[in-house]
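Inside the fold
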Amino acid sequence: MIERKQGEDEALEILKSIGIEMDEDYTDDNSKPKMPDLRYKNGRFIEVTHTKHNIEISKRIKKYWCESRTDNDFLKKCQQIECIQKSYYRYKHNMYEKDADNHLTETANHERCKDLKILIKHFGTFPTDLNDEKLNSEFKADCPIIVHSTDAILREIIDDKGTKYPYGDTDLFLFVTEDEYMNMLNLMPQWKWNGEANIFLYDIDKSPFQTIYICEWDFENLIYNTVDPKMTRFCRNDGTLQWQYYRHNMS
């Protein structure tokens, strides 16, 4: 029996369900470096991946709230989260008391240092700037904030898998969270007037992948829908980027 990594069997089933002929005997057995995960019947390869998130988070969050045995426990946890959120907001927007020269007062400096300690403890990383991506750590935090953005999609396409498969002989199948998928759908129609939308489509077009499947999955419950998932297929045809939606009404 062929053993595949997380998401590979599901991607295989989804591709077959839309009429793609797959080589089901092929698997990435690590016999060669940088082996793609799946292969079409025609011999072309396809890599399967997910936007980078800590899959243990949903388990920890459920455990965190289940441990609230009393109303008082629940209240304390709500108060803790509220405290963290306030520290995050103050630090991000630099909302501290300032003197006549627009410098932080001694009291404000003390408050800022206190907020900083809270953020390091609960977000798990030192906030070197006000960028959400650097401030929040899903992998080292006891109170993580998950950022669902189209930037996460581009990071996988360009920075991660694009550098691993730069020669154009491999396609990409990317599982994204439900919120990331919805953000992408909302962004794409704005490409004529929204610079962010224009850059998103430009980066996909200039990626080394001839075809990219972006497919929604239930990250919160770690469930794949292989029957009727929402999915978008991007491909270059005669030098033009085109896309096709599967299994959802765009009206």
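An account of the accompanying structure is given in this report. For clarity, every value in this text was computed on a predicted model and none was experimentally measured.

Turning our eyes to something else, we now look at the environment of Lys98. Checked against the element boundaries, Lys98 lands in the loop between helix 3 (71-93) and helix 4 (106-123). Along the backbone, Lys98 and Ala108 are 10 residues apart, and their C-alpha atoms lie at a distance of 7.3 Å. Among the polar contacts made by the side chain of Lys98, one reaches the main-chain carbonyl oxygen of Asn94 at a distance of 3.1 Å. A distance of 3.2 Å separates a polar side-chain atom of Lys98 from the backbone oxygen of Tyr96.

Here six strands make up an open sheet; going across it, the order is 1-2-3-4-5-6 and the pairing mixed. Pairing within the sheet leaves two strands with one partner each, and these edge strands are strand 1 (38-39) and strand 6 (240-246). As defined by bridge partners, strand 2 (residues 45-50) adjoins strand 3 (residues 170-177) across six bridges and the pair is classed as parallel. Residue pairing in the sheet places Val48 in a bridge with Phe173 of strand 3. The strands that helix 1 (residues 8-17) touches are strand 1, strand 2, strand 3, strand 4 (211-217) and strand 5 (231-237); relative to strand 3, the one it contacts most, it runs at about 105°. Here helix 7 (residues 178-187) sits on the sheet in contact with strand 3, strand 4, strand 5 and strand 6, set at roughly 110° to strand 3.

With that settled, the discussion passes to the packing of helix 6 (residues 150-164) against helix 7. Following both chains from N to C, one finds helix 6 and helix 7 inclined at 100°, their axes separated by 8 Å at the closest point. Considering the angle they form, helix 6 stands roughly perpendicular to helix 7. Listed contacts from helix 7 to Thr150, Ala152 and Ile153 of helix 6 are Glu180, Asn183, Met184 and Leu187. For the contact of helix 6 with helix 7, the per-class residue count stands at four nonpolar, two polar and one charged.

With that settled, the discussion passes to the side chain of Asp218. Tracing the sequence through the fold places Asp218 in the loop between strand 4 and strand 5. Among the residues examined, Asp218 registers a relative accessible area of 18% and is labelled buried. At 3.0 Å, the side chain of Asp218 forms a polar contact with the side chain of Asn221. The contacts of Asp218, once residues within four sequence positions are left out, are Glu178 and Ile223.

The rules behind the values
Residues numbered from 1 in each chain as written. Predicted model: local features only at pLDDT ≥ 70, side-chain atom pairs only at ≥ 80, totals over all residues. Heavy atoms only, no water. Helix = DSSP H or I, 4+ residues; strand = E, 2+ residues; numbered from the N terminus. Polar contact = N/O pair within 3.5 Å; in protein donor to acceptor, adjacent residues only side chain to side chain. Pairing = 2+ DSSP bridges. Contact = heavy atoms within 4.5 Å. Axes fitted to C-alpha atoms, helices over the stretch in contact; angles between N-to-C directions. Parallel < 35°, antiparallel > 145°, perpendicular 65-115°, else oblique. Nonpolar A, V, L, I, M, F, W, Y, C, P; charged D, E, K, R; others polar. Buried < 20%, exposed > 50% of the residue type's maximum accessible area, 1.4 Å probe, protein only.

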